[in-house]
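The lines below spell out each chain.
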Amino acid sequence: VNLCSLTSTLPVIPYQKLTDLHYLSAGGFGTVFKAQHSDWRTTVAIKCLKLDSPVGERERNCLLKEAEVLHKARFNYIIQIFGVCNEPEFFCIITEYLSNGSLDQLLHEKSLYPVLAWSLRLRVLYEIALGVNFLHNMTPPLLHHDLKTQNILLDGEIHVKIADFGLSKWRQLSISKCSGSKPPEMGGTVIYMPPEEYEPSKSRRADVKHDMYSYAIIMWEVLSRQIPFEDATNPMQIMFSVLRGTRPDTGLDSLPMDIPNRETLINIMTHGWTANPDERPSFLKCVIELEPMLRSFDEIDILEAVLEVKKSKLMRR
Ligand SMILES: CNC(=O)c1cc(Oc2ccc(NC(=O)Nc3ccc(SCC(=O)O)c(F)c3)c(F)c2)ccn1
């Protein structure tokens, strides 16, 4: 990565400006903190190389590559990078802080969020598709390859920001030279991984259709508020049954009748998670199918749904 080309257009933030660090999460070679920027007077998230382990040139380059990727992939529904901090003893990228956490939390913390209106759930699905469609429209296409509800972050108004914590040593950025995907048993979840990826050595050609499989599983999870393949006891069991054609249940127990446009949504889902990657729709086709559904909702409906989430969160703090 050419450091000067990157930092010529991306702010370089001195370490001293980052205060009130609070630990958020950690993985193989990265650690994420919440922090304040003392001049910008805003909360930021910083993703740093592990402070204790010797900062390897390879890890440093991965984080630089990530900064470059985020800088190029600026869009409404992609997490925004603010700058990098590149000092000998401290190296990190600085991004916006998403106050409403991950979609995973919104969907499954039912005591905190008892009600999630359909209109808001559809807006979330629509914005994820818009974000991934943007990545796939880049030249060359930027493939995410680790879409999951933990990587979908939500801002103050429950708008989607696609992220990639990618903190584990094995999972590195899908598009840069630190390529290679996470072997499923390495603590990563297999539920969003398409069957053709179970053995990475085999046909990698279907790459562009990887994200659509993950998205179809996320659709089911958003509409059902259930964990996909929840009854499986281990990842291998999920992989074997998926290879035999098992998919999440699209019956009324998981996907109730009152879902608006239920049939069309199930149609997108089942085409999205089909075994043959070529039969999966593009994100462009998916966005175009979702557009009329979003137009059918009053903006007020969605704003009331956002308020409902924020109020219930406040009451149960
Ligand atoms: C309660 N709030 C929080 O806890 C919180 C934590 C937080 O931490 C981070 C999370 C992720 C990243 N980094 C990141 O998302 N990078 C990235 C890289 C590539 C692609 S696209 C191609 C591909 O995936 O390879 C992409 F979409 C994204 C980061 F720097 C910080 C940020 C905001 N809020």
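The rules behind each value
- Along each chain, the written sequence defines residue order, and numbers are assigned to residues from 1.
- Restriction of local features to residues with pLDDT of at least 70 applies here, the model being predicted, together with a cutoff of 80 or more for giving and counting side-chain atom pairs; totals for whole chains, interfaces and linings are based on all residues.
- Hydrogen atoms and water are omitted, and side-chain values are computed over all heavy atoms in the structure.
- Only DSSP runs of H or I with at least four residues qualify as helices, and only runs of E with at least two residues qualify as strands; both kinds are numbered from the N terminus onward.
- Categorising residues by exposure relies on relative accessible area from a 1.4 Å probe, with only protein chains included: less than 20% of the type maximum marks a residue as buried, more than 50% marks it as exposed, and the intermediate range marks it as partly exposed.
- Any two residues whose heavy atoms approach within 4.5 Å at even a single point are treated as in contact.
- When DSSP locates at least two bridges between a pair of strands, those strands are taken to pair.
- Lines fitted to C-alpha atoms define the axes, with helix axes restricted to the stretch in contact, and inter-axis angles between N-to-C directions lie between 0 and 180 degrees.
- When we say a residue is near a molecule or strand, we mean one of its heavy atoms is within 4 Å of it.
- N or O atoms within 3.5 Å of each other form a polar contact, as long as, within protein, one can give a hydrogen and the other can take it, and as long as residues adjacent in sequence are counted only when both atoms are side-chain atoms.
- We get accessible surface area from the Shrake-Rupley algorithm with a probe of 1.4 Å; when it comes to residues, only the shown protein chains can shield them.
- Only protein atoms enter the 1 Å grid used here. Points where a 1.4 Å probe fits but cannot escape make up a cavity, open sets with protein on both sides within 12 Å along at least five of seven lines make up a pocket, and a residue lines them when an atom lies within 4 Å of a point.
- What decides whether a molecule sits in a cavity or pocket is whether more than half of its atoms lie within 2 Å of the grid points.
- Values of pLDDT, the confidence the predictor places in each residue, fall between 0 and 100.
- As used here, the term nonpolar core means buried Ala, Val, Leu, Ile, Met, Phe, Trp, Tyr and Cys residues forming a set that is joined through side-chain atoms within 4.5 Å.
- Think of a patch as exposed residues, more than 30% relative accessible area, with no salt bridge, where like charges cluster within 9 Å and nonpolar side chains (Val, Leu, Ile, Met, Phe, Trp, Tyr) cluster within 5 Å.
- A pairing counts as a salt bridge when a side-chain nitrogen of Lys or Arg comes within 4 Å of a carboxyl oxygen of Asp or Glu.
- Asp and Glu are treated as the negative residues and Lys and Arg as the positive ones, with His and the ends of the chain left uncounted.
- Positions of charges follow a simple convention, taking NZ of Lys, CZ of Arg, CG of Asp or CD of Glu.
- Grid points are joined across faces, edges and corners, and a volume is the space filled by probe spheres set on the points.
- When residues are sorted by character, Ala, Val, Leu, Ile, Met, Phe, Trp, Tyr, Cys and Pro go into the nonpolar class, Asp, Glu, Lys and Arg into the charged class, and all the rest, Gly among them, into the polar class.
- Within 6.5 Å between ring centres, the rings of Phe, Tyr and Trp (the latter by its six-membered ring) count as paired, and their orientation is classed by plane angle as stacked under 30 degrees, edge-to-face over 60, tilted in between.

## With respect to the environment of tyrosine 126
At step 1: Here tyrosine 126 is to be found in helix H4 (residues 118-136).
At step 2: Classification of tyrosine 126 as buried rests on a relative accessible area of 17%.
At step 3: For the pair tyrosine 126 and valine 160, spaced 34 residues apart in the sequence, the C-alpha separation amounts to 9.2 Å.
At step 4: Contact partners of tyrosine 126, with chain neighbours within four places excluded, come to Tyr215, Val287, Leu290, Glu291 and Leu294.

## Digging into unusual backbone geometry
At step 1: Of note, the bond from threonine 139 into proline 140 is cis; its omega dihedral lies within 30 degrees of zero at -5°.
At step 2: Positive phi outside glycine occurs at asparagine 261, with the angle close to 55°.
At step 3: Position of asparagine 261 among the secondary structure elements: in the loop between helix H6 (235-243) and helix H7 (262-272).
At step 4: Judged by relative accessible area, asparagine 261 falls into the partly exposed class, the value being 34%.

## Let's talk about the sheet that holds strand S4 (residues 81-87)
At step 1: The antiparallel open sheet is built from five strands, whose spatial order is S1-S2-S3-S5-S4. Strands at the two margins of the open sheet, each flanked by one partner only, are strand S1 (18-26) and S4. The average undirected angle you get between the axes of adjacent strands in this sheet is 25°.
At step 2: Two strands pair when backbone bridges link them, and S4 and strand S5 (residues 90-96) are joined in this way by six bridges, in the antiparallel orientation. In the sheet register, cysteine 85 faces S5, and the bridge partner there is cysteine 92.
At step 3: Running at roughly 25° to S5, helix H2 (residues 57-72) makes contact with strand S3 (42-49), S4 and S5 of the sheet.

## Some words on the site of the ligand
At step 1: Around the ligand, the surrounding shell holds 24 residues, and the nearest of these are Val32, Glu66, Glu96, Leu98 and Asp164.
At step 2: Taking glutamate 66, its side chain carries an N or O atom lying 2.7 Å from a nitrogen atom of the ligand.
At step 3: One of the backbone nitrogen or oxygen atoms of aspartate 164 is found 2.7 Å away from an oxygen atom of the ligand.
At step 4: Relative to its free-state accessible area of 720 Å², the ligand is covered by the protein chains to the extent of 95%.
At step 5: Most atoms of the ligand, that is more than half of them, are within 2 Å of grid points of the largest pocket.

## A few points about the confidence of the model for the protein
At step 1: Of all residues in the protein, 90% attain a pLDDT of 70 or more, and the chain-wide mean is 90.
At step 2: Within the model, pLDDT remains below 50 along residues 169-185, and this stretch shows 46 contacts once partners closer than five positions in the same chain are excluded.

## Digging into the nonpolar core
Within soluble globular proteins, side chains that are nonpolar tend to cluster in buried spots.
At step 1: Residues Leu103, Ile128, Tyr215, Leu223 and Leu290 are the most contacted members of the largest nonpolar core, which totals 83 residues.
At step 2: Here this core takes 11 residues from H4, the largest share from any one element.
At step 3: Apart from the residues lying within four places of it in its own chain, the contact partners of leucine 103 are Val124, Ile128, Thr149, Ile152, Leu154, Ile218 and Val222.
At step 4: Counting residues in each nonpolar core, the second largest holds 11 residues, with Phe33, Ile46, Cys48 and Ile94 among its members.

## Details of a negative patch on the surface
At step 1: The grouping of Asp298, Asp301, Glu304 and Glu308 at the surface amounts to a negative patch.
At step 2: Mapped onto the elements of the fold, glutamate 308 is located in helix H9 (residues 299-315).
At step 3: For glutamate 308, a relative accessible area of 36% corresponds to the partly exposed category.

## Some points on the pattern of salt bridges
At step 1: A full pass over the atoms with the stated rule returns 10 salt bridges.
At step 2: One salt bridge in this structure joins glutamate 157 and lysine 310, with 3.4 Å as the shortest N-O distance. With glutamate 157 in the loop between strand S6 (152-154) and strand S7 (160-162) and lysine 310 in helix H9, this pair connects stretches of sequence that are 153 residues apart.
At step 3: Judged by its relative accessible area of 31%, lysine 310 is partly exposed.
At step 4: With a shortest N-O distance of 2.8 Å, arginine 280 and glutamate 196 are connected by a salt bridge. Placement of arginine 280 in the loop between H7 and helix H8 (283-295) and of glutamate 196 in the loop between S7 and helix H5 (210-224) is noted, with a sequence separation of 84 residues between them. Comparing arginine 280 with glutamate 196, the two get one shared label, buried.
At step 5: Beyond isolated ion pairs, a larger network of salt bridges with shared partners links Lys65, Glu68 and Lys72.

## Quick look at the layout of surface pockets
At step 1: Volume-wise, the largest pocket comes out at about 730 Å³.
At step 2: Surrounding the largest pocket, 41 residues form its lining, Ile79, Leu153, Ala163, Asp164 and Phe165 being those nearest its centre.
At step 3: Counting residues per element, the ones that place at least two in the lining of the largest pocket are S1, S3, H2, S5 and helix H3 (103-108).
At step 4: A breakdown of the residues in the lining of the largest pocket according to their chemical character gives 23 nonpolar, 10 polar and eight charged.

## Some words on the packing of aromatic side chains
At step 1: Tallying each qualifying case throughout the model produces six aromatic pairs.
At step 2: Pairing tyrosine 23 with phenylalanine 33 gives two aromatic rings, centres 6.3 Å apart and planes at 80°, and the pair type is edge-to-face. One end of the pair, tyrosine 23, is in strand S1; the other, phenylalanine 33, is in strand S2 (residues 30-37), and 10 residues separate them in sequence.
At step 3: Plain terms: the ring middles of tyrosine 215 and phenylalanine 283 are 5.4 Å apart, the flat faces sit at 65° to each other, and that makes the pair edge-to-face. Taken together, the positions of tyrosine 215 in helix H5 and phenylalanine 283 in helix H8 put the pair 68 residues apart, joining distant regions of the chain.

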